[in-house]
Amino acid sequence: MAPQHQTSQKTYHTEATGTAALTALNHKNECDLKLFGSCFCPFVQRVWIALELKGIPYQYIEIDPYKKPQSLLEVNPRGLVPALRHGDWGCYESTVLMEYLEDLNAGTPLMPKDDAKLRAQSRLWADHINRHIVPNFYRVLQEQDQQQQISKAQELREGFTKLIDAAHPQGPFFLGPRISFVDIQVAPWILRLRRVLKPYRGWPDPEEGSRWATWVNAIESNEHVRTTTSTDELYLDSYERYAQNRPNTSQVANAINSGRGLP
Ligand SMILES: N[C@@H](CCC(=O)N[C@@H](CS)C(=O)NCC(=O)O)C(=O)O
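Residues numbered from 1 in each chain as written. Predicted model: local features only at pLDDT ≥ 70, side-chain atom pairs only at ≥ 80, totals over all residues. Heavy atoms only, no water.

Participant: I keep staring at the packing of helix α2 (residues 42-54) against helix α5 (residues 116-142) and nothing clicks. Help me out?
Facilitator: The angle between the axes and the distance between the axes are what describe a pair of packed helices. Two elements in contact, α2 and α5, have axes separated by 13 Å at closest approach and are oriented at 135°. Considering their axes alone, α2 and α5 lie oblique with respect to each other. Residues Pro42, Phe43 and Arg46 of α2 touch α5, and the partners they reach there are Ile129, Asn130, Val134 and Tyr138. Tallied by class, residues from the contact of α2 with α5 come to five nonpolar, one polar and one charged. (Axes fitted to C-alpha atoms, helices over the stretch in contact; angles between N-to-C directions. Helix = DSSP H or I, 4+ residues; strand = E, 2+ residues; numbered from the N terminus. Parallel < 35°, antiparallel > 145°, perpendicular 65-115°, else oblique. Contact = heavy atoms within 4.5 Å. Nonpolar A, V, L, I, M, F, W, Y, C, P; charged D, E, K, R; others polar.)

If you want it as structure tokens, here you go:
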């Protein structure tokens, strides 16, 4: 029987809002270095924050990653954002792109220069984020069974706890007073804890005075994080399809549902 009343479903936004909209507007002009991005995408936000922090000139091109225009496929045959075009060369994968920007040796470095050990440590914890934090975020959000949501939330919490234990004791950031590679790798998901996992799954706010609260506050108030962040509503709307685990949501959602690694 057809439902008598179908409540309208929210879907992903195709234009940044708030401060991110202003940043996109300020970077709409033709430039050799182009970021193909989507306003709601946390993987894109990593690269966007890195570009803003470094102060490298770039052009921001908003893409609907589910429609996959030819301009995106030319740079990334997998059809995922973020993708970068630099002159006649292109590349993709958010972590690889952050390393590429770092290797340009322009602007503020993302990792301490001339400290191989701290650079290795940064890459190690970036790997932890990609393996244990990012997939668990989607597992919690897509899970429909309440009991399972609790156990998956516990795994996500453990992922964060390991990261906090590895961080500088006072911080406020991972390596100390300044934002760096690991913070930028995890920042988009930290922002989405309050904006997405809290309303959809009851994710708790950080305990006041904790090392975790200090870190979250530092991320939230960092100017480069802020300039790439849209209004809360954009995230709430864009993630409803994940929270309801709707079919055909995305490649990420499909990978989680079938137990495969993320694309
Ligand atoms: N491993 C990739 C993941 C990128 C990704 O999954 N991007 C999503 C948007 S948040 C996308 O382009 N989805 C298109 C699709 O599902 O077809 C990275 O780190 O860049």
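Here the narrative resumes, following the displayed structure.
Participant: Before we go on, may I ask you to explain the UniProt feature "domain: GST N-terminal" (unreviewed entry) in the chain in this structure?
Facilitator: In this numbering, the UniProt entry assigns the feature "domain: GST N-terminal" (unreviewed entry) to residues 31-109. Secondary structure across residues 31-109 divides into 37% helix and 22% strand, with the first and last C-alpha atoms of the span separated by 21 Å. (UniProt positions renumbered as here; feature names shortened; annotations may be inferred.)

Participant: Please clarify how the domain arrangement of the chain should be interpreted in this entry.
Facilitator: You'll often see interface size given as the accessible area lost when the parts meet. Looking at the chain, the domain boundaries give domain 1 (18-103) and domain 2 (116-257). Interface area, domain 1 with domain 2, both sides summed: about 2400 Å², of which 58% is carbon and sulfur. When the shortest N-O distance is used, the salt bridge between Arg123 and Glu99 registers 3.3 Å. Summed over the shared surface of domain 1 and domain 2, the result is 15 residue pairs in polar contact (both at pLDDT 80 or more). Broken down by secondary-structure element, the contributors of at least two residues to the side of domain 1 that touches domain 2 are α1 (18-26), α2 and α4 (94-103). (Domains from an automatic or database assignment. Buried area = accessible area lost by both parts, 1.4 Å probe. Salt bridge = Lys/Arg side-chain N within 4 Å of Asp/Glu carboxyl O. Polar contact = N/O pair within 3.5 Å; in protein donor to acceptor, adjacent residues only side chain to side chain.)

Participant: Help me understand the sheet that holds strand β2 (residues 59-62) in this model?
Facilitator: Strand pairing in a sheet takes place through backbone hydrogen bonds and is either antiparallel or parallel in direction. With mixed pairing, four strands are arranged side by side in an open sheet as β2-β1-β3-β4. The two strands at the open ends of the sheet, each matched to only one other strand, are β2 and β4 (89-92). In this sheet, adjacent strand axes meet at a mean angle of 20° when their direction is disregarded. Relative to β4, strand β3 (residues 83-86) runs antiparallel, the two sharing four bridges. The residue of β4 that forms the bridge with Leu84 is Cys91. The strands touched by α2 are β1 (33-37) and β2; relative to β1, the strand with the most contacts, the crossing angle is about 150°. (Pairing = 2+ DSSP bridges.)

Participant: I tried to follow the pattern of salt bridges on my own but got confused; where do I start?
Facilitator: Where charged atoms from two side chains of opposite charge come close, those side chains can pair. Per the counting criterion, the structure on display carries 16 salt bridges. As a salt-bridge pair, Glu30 and Lys34 come within 2.9 Å of each other at their nearest N and O atoms. On the basis of relative accessible area, Glu30 is assigned to the exposed category, the value being 64%. Look at Lys34 and you get buried, because its relative accessible area is 13%. Note that Lys54 and Glu102 form a salt bridge whose closest N and O atoms lie 2.8 Å from each other. Of this pair, Lys54 sits in helix α2 while Glu102 sits in helix α4; the two residues are 48 residues apart in sequence, bridging distant segments of the chain. The pair Lys54 / Glu102 is uniform in exposure class, with both members buried. Residues joined by salt bridges that share partners form a network here, namely Lys54, Glu102, Lys113 and Arg119. (Buried < 20%, exposed > 50% of the residue type's maximum accessible area, 1.4 Å probe, protein only.)

Participant: When you look at helix α7 (residues 181-201) in this model, what are you seeing that I'm missing?
Facilitator: Each turn of an α-helix holds 3.6 residues, which means side chains three or four residues apart point in the same direction. Over its 21 residues, α7 extends 28 Å from the first C-alpha to the last, a length consistent with the 30 Å expected when each residue adds 1.5 Å. Burial of α7 is extensive: 16 of the 21 residues sit out of reach of the surface. Just downstream of α7, Gly202 is the residue with a positive phi angle, here 70°. (Expected span 1.5 Å × (residues − 1).)

Participant: How should the nonpolar core be read in this particular structure?
Facilitator: The nonpolar side chains of a soluble globular protein tend to be buried, and buried together. In terms of nonpolar packing, the biggest core is built from 77 residues, with Phe137, Tyr138, Phe160, Leu163 and Trp215 touching the most fellow members. Among the elements that make up this core, the one with the highest residue count is α7 (eleven residues). Each of domain 1 (18-103) and domain 2 (116-257) gives at least three residues to this core. If we ignore the near neighbours within four places in the chain, the residues touching Phe137 are Leu156, Trp189, Arg192, Leu193, Val196, Leu197 and Tyr239. (Core = buried A, V, L, I, M, F, W, Y, C linked by side-chain atoms within 4.5 Å.)

Participant: Is there a simple way to explain the packing of aromatic side chains in this structure?
Facilitator: Describing an aromatic ring pair means giving the distance of the ring centres and the angle of the ring planes. Enumeration over the complete set of coordinates arrives at 14 aromatic pairs. Taken together, a centroid distance of 5.0 Å and an interplanar angle of 70° make the contact between Phe43 and Trp189 edge-to-face. Of the two residues, Phe43 is situated in helix α2 and Trp189 in helix α7; the sequence distance between them amounts to 146 residues. Overall, the relative accessible area of 0% leaves Trp189 in the buried class. Grouping aromatic residues by their ring pairs yields a cluster made of Phe160, Phe174, Trp203, Trp212 and Trp215. Here Arg157 stacks its cationic end above the ring of Trp203, 4.6 Å away from the centre of that ring. The lysine or arginine in question, Arg241, covers the ring of Phe40, its NZ or CZ lying 5.2 Å from the ring centre. (Phe/Tyr/Trp six-rings, centres within 6.5 Å; stacked < 30°, edge-to-face > 60°. Lys NZ or Arg CZ within 6 Å of the ring centre and 35° of its normal.)

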